[in-house]
Amino acid sequence: MRLALAEAERAYEEGEVPVGAVVVKGDRVIGRGYNLTERMADPTAHAEIIAITAAAAALESWRLEGCRMYVTLEPCPMCAGAIVNARLDALLFGAYDARAGAAGTLFTITTDTRLNHQVETLGGVLDDDCAGLLKAFFRTRRGKPSPGEGA
């Protein structure tokens, strides 16, 4: 998850919503990404999609069986669907997303038995670190000081 956080920090530095993702097979990172929706002017340029695309290229296969994804924010419905379609074995995410979470909060796409594949899903991994980065980003964007900075 620390590698996914490093990706999220890159997004933060570029003014993107700080979400980062890595795909791991065994002990090797085979895909990584961070949100690029603003820079690419592309609503599908989420960290998870970019990491899945990189992993598929590395394996020369769209089937990411035997792989795990670490992402700093609970995936949205689009990304949860891509995770299922890519046949990832496991998803580990940091912060829960009360507004768009599709891996247990609003929807349970990754574990829905009506779909042709289910992904072992664990949320709350380094939750404080992941949520803290998002909160800092949106505080800055709204022009509010961080706690302890004074008013």
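Note: the structure precedes this text.
Residues numbered from 1 in each chain as written. Predicted model: local features only at pLDDT ≥ 70, side-chain atom pairs only at ≥ 80, totals over all residues. Heavy atoms only, no water.

Looking at the element boundaries, Thr110 is found in the loop between β4 (90-95) and β5 (120-122). Along the chain, Thr110 and Ala82 lie 28 residues apart, while their C-alpha atoms are 9.4 Å from each other. (Helix = DSSP H or I, 4+ residues; strand = E, 2+ residues; numbered from the N terminus.)

Glancing now at the sheet that holds β5. To summarise the sheet geometry, strands pair through backbone hydrogen bonds and adopt either a parallel or an antiparallel arrangement. One open sheet accounts for five strands, arranged β2-β1-β3-β4-β5; its pairing is mixed. Of all the strands in the sheet, just β2 (28-34) and β5 have a single pairing partner and so form its edges. This sheet shows a mean twist of 15 degrees between the axes of neighbouring strands, independent of strand direction. Sheet topology places β4 next to β5; three bridges connect them, and they run parallel. In the strand pairing of β5, Leu92 is matched with Leu122. (Pairing = 2+ DSSP bridges. Axes fitted to C-alpha atoms, helices over the stretch in contact; angles between N-to-C directions.)

Tracing the backbone through its elements, the reader meets Leu92 in strand β4. For the pair Leu92 and Thr113, spaced 21 residues apart in sequence, the C-alpha to C-alpha distance is 19 Å. Apart from the residues lying within four places of it in its own chain, the contact partners of Leu92 are Met1, Arg68, Met69, Tyr70, Val71, Leu122 and Val125. (Contact = heavy atoms within 4.5 Å.)

This part takes up the nonpolar core. Core analysis: the biggest nonpolar cluster contains 36 residues, and Val23, Leu64, Met69, Leu88 and Leu91 have the highest contact counts within it. Elements that contribute at least two residues to this core include exactly α1 (2-13), β1 (20-25), α3 (47-59), β3 (67-73), α4 (77-85), β4 and α5 (127-142). (Core = buried A, V, L, I, M, F, W, Y, C linked by side-chain atoms within 4.5 Å. Buried < 20%, exposed > 50% of the residue type's maximum accessible area, 1.4 Å probe, protein only.)

The end-to-end C-alpha distance of α1, which contains 12 residues, comes to 17 Å, matching closely the 16 Å that a straight helix rising 1.5 Å per residue would cover. Residues of α1 that are buried: Ala4, Leu5, Glu7, Ala8 and Ala11. End-on view of α1: buried residues confined to an arc of 155 degrees, all on one side of the axis. Turned more than 90 degrees off the buried face of α1, the exposed positions are Arg2 and Glu13. Residue Gly15 follows α1 closely and has a positive phi angle near 80 degrees. (Expected span 1.5 Å × (residues − 1). Arc of directions from axis to C-beta.)

Here we take up the pattern of salt bridges. As enumerated under the stated definition, the model contains five salt bridges in all. In this structure, Arg39 engages Glu14 in a salt bridge whose closest nitrogen and oxygen atoms are separated by 3.2 Å. Of this pair, Arg39 sits in helix α2 (residues 37-40) while Glu14 sits in the loop between α1 and β1, placing them 25 residues apart in sequence. Among the residues examined, Glu14 registers a relative accessible area of 37% and is labelled partly exposed. The residue Asp112 makes a salt bridge to Arg114 at a minimum N-O spacing of 2.6 Å. Note on Arg114: relative accessible area 74%, which makes it exposed. A single salt-bridge network, built from bridges that share partners, covers Glu7, Arg10 and Arg32. (Salt bridge = Lys/Arg side-chain N within 4 Å of Asp/Glu carboxyl O.)

Where β1 meets β2, six bridges bridge the pair, whose relative direction is antiparallel. For Val22, the partnering residue across the bridge sits in β2 and is Arg32. Hairpin connection between β1 and β2: a loop of two residues separates the two successive antiparallel strands, and Gly26 in this loop has a positive phi of roughly 65 degrees.

By the element assignment, Glu7 lies in helix α1. In this structure Glu7 touches Gly20, Ala21, Val22, Arg32, Gly33 and Tyr34, once residues within four positions along its chain are discounted.

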